[in-house]
Structures are given as C-alpha cells and as structure tokens.
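Working through the structure, step by step
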Amino acid sequence: RVILVTYVVATLDLIFLFMQFGVMPYLAKSLGLDSVGFGYLQTTFGVLQLVGGPIFGRFADQFGARAALILSCASASAFFLLASITTSIPLLYLSRLPMVFMHVMPGAQKVITDLTTPSERAGALGKLGLCFGIGIILGSALGGILSTKFGALRPAAAPCLYQDFLFALLAFMQFVLGFFRQLIVGPLQAGSVFSLHKILRLMKFPGVMEVFLVKVLAGFPIGLFLIMFSIISMEFFGLEAAQAGYLMAYFGVLQMVVQGLVLGRLTSLFTEKTLLRLSVLVLAGVGLGMALMRNVLHYCIVSVPLVFSLSTLATITDSMLTKAVPASETGTMLGLCASVQPLTRTLGPTIGGILYKHFGVSSFGCLQLSINVGLFAYLLRSNIPLGEKKS
C-alpha cells in the first residue's frame, strides 16, 4: 500500500510539474522576458536542481523517505504559489528558488528502495517510469487546456490552489511535526546534510564510479538534443506548437509501454550488467539513426529504441548504484543520480546551441554514436562488481 500511494503521489506531482513546463514560456513572454532571458531562467532551474539533488538525498537518509517526500511536496506548493502571484521578471526568478528541493522522483525512489528487496528493486523502480509517462501526457495536455481557457497566469496557480496547495499544506504540517520529532528523538549531526565529503565518498565504493560515469555519459548527447527539441521541432521538423505537443504525448506513451510492460520482464530474464550493456549498445544505434534522420517520421521511428534504451539505462543504473552502497546511504546515492539531468540542463543550452548552430541536427547523433560505442567497448572489457544476479 505504501508503494502504491508513492506511485500516486509521484504521478500527481509530475502532472503538475509538466503543466508548468508548458505554461512557463507563455508566462515569461507575457512578462516581457526574451529568449535569452528565458534561457537564463532554465539554467537557473538546472543549477538549483543540480545543487539540491545530493542535499535532498542526504536529507532523506537523515530524516527518512516520508519526510523527504513531504519536503518535496511543500517545495512544489511554494513554487506554484509564487508563480501564481508573479507579476514581474524578478519575481519570476524568485519563484524558482523552492525548486532546489523539488525532487519527487528521488523521494519516491527512496521509498521503493527501502521497502523492496534487491531482487525486486529494478522492476519496482521501473514502474516509476510509468508515472513519468502519465505525467508527461496529462500534464502537457492540462497545461495546454488551461493556457487556452484561462490565460498564462491561471495554469500556474491552478494546481496550487485546487489540488497541490491543499495537499501540500497538510503535508507541510506533517513535515514540521516530523522535523521536530526527529530533532527530539535523534538529533542531526551539524552540517551532515550539507557535507560534500560524505556525499562524494560514495564514489569510492566498488563499481560506483564506473556505473555513475556510464549513466552520465551515455545519455548526455540525447539530453542535449532534448533540450534543443523545441527549436529543432520548429526549424528542422517544421512543426506547429500543437503538433509538437502530440509528439511529446507519443514519447510519453512509449515510455509508459516500456516501463510498464517491457522492462519488468527483462529484469527477470537477464542480469543487470547485461541490460546495462544492451542499453548502451542500443543508444549507439540510436545515435546512428539520429545522424541519418531527415523528417519527423524518422524521429518517430528512432524514438522507439531511444525510449527503450534511456528507460533501461536510468532504471538499471539506479538499481545497481543503490545496491552498491549501504542502506543508510541510498538516499544520498539517489540524490546524486537525480543531479545528472540538472547537470545536462545546466550545460545543455550552451553546448546544444553551438552544436545545432554550427553542425546541425546530425551532430547530436554522431556524438551519441561515438560516445556509446566507446562505452560499450569499455563495458565489454571491464569487470564491474555489480549486478551479477538476475533481478
């Protein structure tokens, strides 16, 4: 029951998150923010998530997964509330600050990691991808509907005022009570949540550094492409806004199918090391397909192995890394894993813009192919001491 409730909470939070992703460009434009300023706003979001991920993980280890999820929901409510009353560009930037602790996925992963055995973990973590797909589809659709019906300012307020605000107000009260209870029962050591040494020392455990680097490098070129996708969809594919939304919905459906129907079966048949190698090999093939694609139909075809490989890579690496560290450190490890995407979002606009401007869309595929061919050769030769047993 706890895991089921965790899935529901994660799904609702992701729906609201993708609603604001669709609304925020229109809100920024209505306030007079140009494309360069909006890029800075996105970079601010990436930096906050990058810094907050490991700290959030340490918080989950110290106070528990329940308190971590409460903190994430309370931060989301603060963000939605600030966004709903934003009337100027400085306030728009200020509304991003609560996002430093908006990490519902690592919080949910922490709950699942604590409540499942190692043999069940990969499959249970994979089902969170189903929540992610539902969040993409429903969140994008609701954001578009609210933007059309109520204007740019209403959608940012709607989740907060009607659902998330009420829920997180109660959750925040529970968090405060839980916080003081933890202080009374077991005081937190001074500075331990913000200890960079305790966070980075996890990389010294056997196999952790290797798997983490594969996680970062294998998906980095695709991350650059997805960051630039809004521009690529307009200029390269020639899509309208509605058509781009349908394409995102298609992407979400693929992820739901892979995470809900395919990945769990694979984890019961193959070792995690085998699935890690398979995901990297498929990503190399995806890079070749992206280098050759010329229209949106080609992209729809490439999206099938793309979603499969990214979902497998994310789930298997998270499972392997949480098994490689002590149970008391799994939250910190998941926080480090959660910082991979913010790192891409921080560096992506600059690197992706240079690649697209000077070398075109095919450059993302060529970079993806070359990196993952090298990683696959490394994985064939290496002996990572993780994931030897079938899940």
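Figured I'd write up the structure that's included with this text. Note that the coordinates shown come from a computational prediction; the quantities given were computed from them, not determined experimentally.

Rules of the game
Residues numbered from 1 in each chain as written. Predicted model: local features only at pLDDT ≥ 70, side-chain atom pairs only at ≥ 80, totals over all residues. Heavy atoms only, no water. Helix = DSSP H or I, 4+ residues; strand = E, 2+ residues; numbered from the N terminus. Buried < 20%, exposed > 50% of the residue type's maximum accessible area, 1.4 Å probe, protein only. Contact = heavy atoms within 4.5 Å. Areas by Shrake-Rupley, 256 points an atom, 1.4 Å probe, with all protein chains shown as cover. Expected span 1.5 Å × (residues − 1). Bend = angle between axes of the 7 residues up to and from the residue. Phe/Tyr/Trp six-rings, centres within 6.5 Å; stacked < 30°, edge-to-face > 60°. Polar contact = N/O pair within 3.5 Å; in protein donor to acceptor, adjacent residues only side chain to side chain.

Digging into the overall build of the protein
- A count of helices and strands for the protein gives 17 helices and 0 strands.
- Expressed as a percentage of the 391 residues in the protein, the buried residues total 52%.
- Considering only residue pairs separated by 6 or more positions, the protein has 85% of its internal contacts joining residues 24 or more positions apart.
- As presented, the protein carries roughly 17600 Å² of accessible surface, and 71% of it is formed by carbon and sulfur atoms.

Points about helix 16 (residues 340-359)
- Its 20 residues place the ends of helix 16 only 25 Å apart at the C-alpha level, less than the 28 Å of an ideal helix rising 1.5 Å per residue.
- Along its length, helix 16 shows its largest kink, about 55°, at Gly348, and proline Pro349 lies within four residues downstream of that point.
- Within helix 16, burial applies to Val340, Pro342, Thr344, Thr346, Gly348, Gly352, Leu355 and Tyr356.
- Remark: Gly360 follows helix 16 within two positions and exhibits a positive phi of approximately 85°.

A few points about the packing of aromatic side chains
- Applying the stated criterion across every chain, the model contains 4 aromatic pairs.
- Pairing Phe225 with Tyr299 gives two aromatic rings, centres 5.7 Å apart and planes at 40°, and the pair type is tilted. You can see Phe225 sitting in helix 10 (residues 220-227) and its partner Tyr299 sitting in helix 14 (residues 296-324), a full 74 residues away along the chain.
- What makes Phe225 buried here is its relative accessible area of 0%.
- Given a relative accessible area of 4%, Tyr299 falls into the buried group.
- Aromatic side chains Phe225 and Phe364 sit 5.9 Å apart centroid to centroid with 75° between the ring planes, which places their arrangement in the edge-to-face category. With Phe225 in helix 10 and Phe364 in helix 17 (residues 362-381), this pair connects stretches of sequence that are 139 residues apart.
- A residue is classified by how much of its surface remains accessible, and Phe364, at 1% relative accessible area, is buried.
- Aromatic ring contacts, followed pair by pair, group Phe225, Phe236, Phe237, Tyr299 and Phe364 into a single cluster.

A closer look at the environment of Phe236
- Within the fold, Phe236 resides in the loop between helix 11 (229-235) and helix 12 (241-269).
- Given the relative accessible area of 30%, Phe236 is considered partly exposed.
- Distance in space between the C-alpha atoms of Phe236 and Gly360 is 9.1 Å, their sequence separation being 124 residues.
- Once you skip the residues sitting within four places of it in the chain, Phe236 turns out to touch Ile231, Met293, Arg294, Tyr356 and Val361.

Some points on helix 14
- Along its 29 residues, helix 14 runs 41 Å from first to last C-alpha, staying within 8% of the 42 Å computed at 1.5 Å per residue.
- Of all the bends found along helix 14, the most pronounced is centred on Ser303 and spans about 35°, while Pro305, a proline, follows it within four residues.
- Two to three positions downstream of the cap, the backbone nitrogen of Leu297 sits 3.1 Å from a side-chain oxygen, assigning the N-cap of helix 14 to Asn295.

Topic: the environment of Ile351
- Within the secondary structure, Ile351 sits in helix 16.
- Note on Ile351: relative accessible area 33%, which makes it partly exposed.
- A C-alpha to C-alpha distance of 9.9 Å links Ile351 and Met228, two positions 123 residues apart in sequence.

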